[in-house]
Amino acid sequence: LINAVIAAESGGDPNAVSEAGAVGLMQILPSTAADPGYGVSALSGSKQEIVVQLLDPETNKRLGTSYLNAMLNRYGGNTELALAAYNAGPGKADKVADSEEPLASFAAVFGQESKETLPYVSKVLGNV
């Protein structure tokens, strides 16, 4: 699963930086790295220092793996919902977590944003 996330997020490029500012193999935002929550250990330092840390493949993969594991635990092992949370944020996933079909609900609730998240979930799961 981690390798599929890396392939979808960065294509395996440890130096990848997205337009939104996500960094490294698992495309982690510096703000998430500084305060990931959910029992995941944060990176410390200035934003620039955190970016440098996220460019280290081992650090990026460790943090991304811990965060994805926290999402899997948060959503009771529901991989689709955990991936949606990884991509769009747990706040959005929380809004649909109790529905019978969370991804269909995600599409209905988040419309345009779901056009990035739902293909992302399919892409990752297609590479597992």
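Residues numbered from 1 in each chain as written. Predicted model: local features only at pLDDT ≥ 70, side-chain atom pairs only at ≥ 80, totals over all residues. Heavy atoms only, no water.

Asks: What should I look at first to understand a nonpolar patch on the surface in this one?
Replies: Residues Leu1, Leu125 and Val128 make up a contiguous nonpolar surface patch of about 250 Å² in total accessible area. Along the chain, Leu1 falls in the segment before α1 (2–10). Residue Leu1 is classed as partly exposed on the basis of its relative accessible area, which comes to 34%. (Patch = residues over 30% accessible without salt bridge, like charges linked within 9 Å, V, L, I, M, F, W, Y side chains within 5 Å. Areas by Shrake-Rupley, 256 points an atom, 1.4 Å probe, with all protein chains shown as cover. Salt bridge = Lys/Arg side-chain N within 4 Å of Asp/Glu carboxyl O. Helix = DSSP H or I, 4+ residues; strand = E, 2+ residues; numbered from the N terminus. Buried < 20%, exposed > 50% of the residue type's maximum accessible area, 1.4 Å probe, protein only.)

Asks: Mind showing me how you'd approach the nonpolar core here?
Replies: A general tendency of soluble globular proteins is for nonpolar side chains to be buried together. With 37 residues, the main nonpolar core has Val5, Met26, Leu54, Leu68, Tyr86 and Tyr120 as its most contacted residues. Of all elements in the fold, only α1, α3 (47–54), α4 (57–74), α5 (79–88), α6 (90–96) and α7 (102–126) reach the threshold of two or more residues within this core. Ranked by the residues each element gives to this core, the list is headed by α5, at seven residues. Leave out the neighbours within four places in its chain, and Leu68 touches Leu1, Ile2, Val5, Ala82, Leu83 and Tyr86. (Core = buried A, V, L, I, M, F, W, Y, C linked by side-chain atoms within 4.5 Å. Contact = heavy atoms within 4.5 Å.)

Asks: Mind showing me how you'd approach the environment of Lys123 here?
Replies: Its place among the elements puts Lys123 in helix α7. A relative accessible area of 45% means that Lys123 is categorised as partly exposed.

Asks: Where do I start with unusual backbone geometry in this structure?
Replies: Excluding glycine, residues mostly carry a negative phi; peptide bonds, for their part, are mostly trans. The residue Gln27 is not glycine, and still its phi comes out positive at about 50°. Topologically, Gln27 is positioned in the loop between α1 and α2 (30–34). Look at Tyr38: it is not a glycine, yet its phi comes out positive at around 55°. The residue Tyr38 is located in the loop between α2 and α3 in this model. By relative accessible area, Tyr38 is classed as partly exposed at 39%.

Any functional reading would require information beyond the geometric quantities listed.
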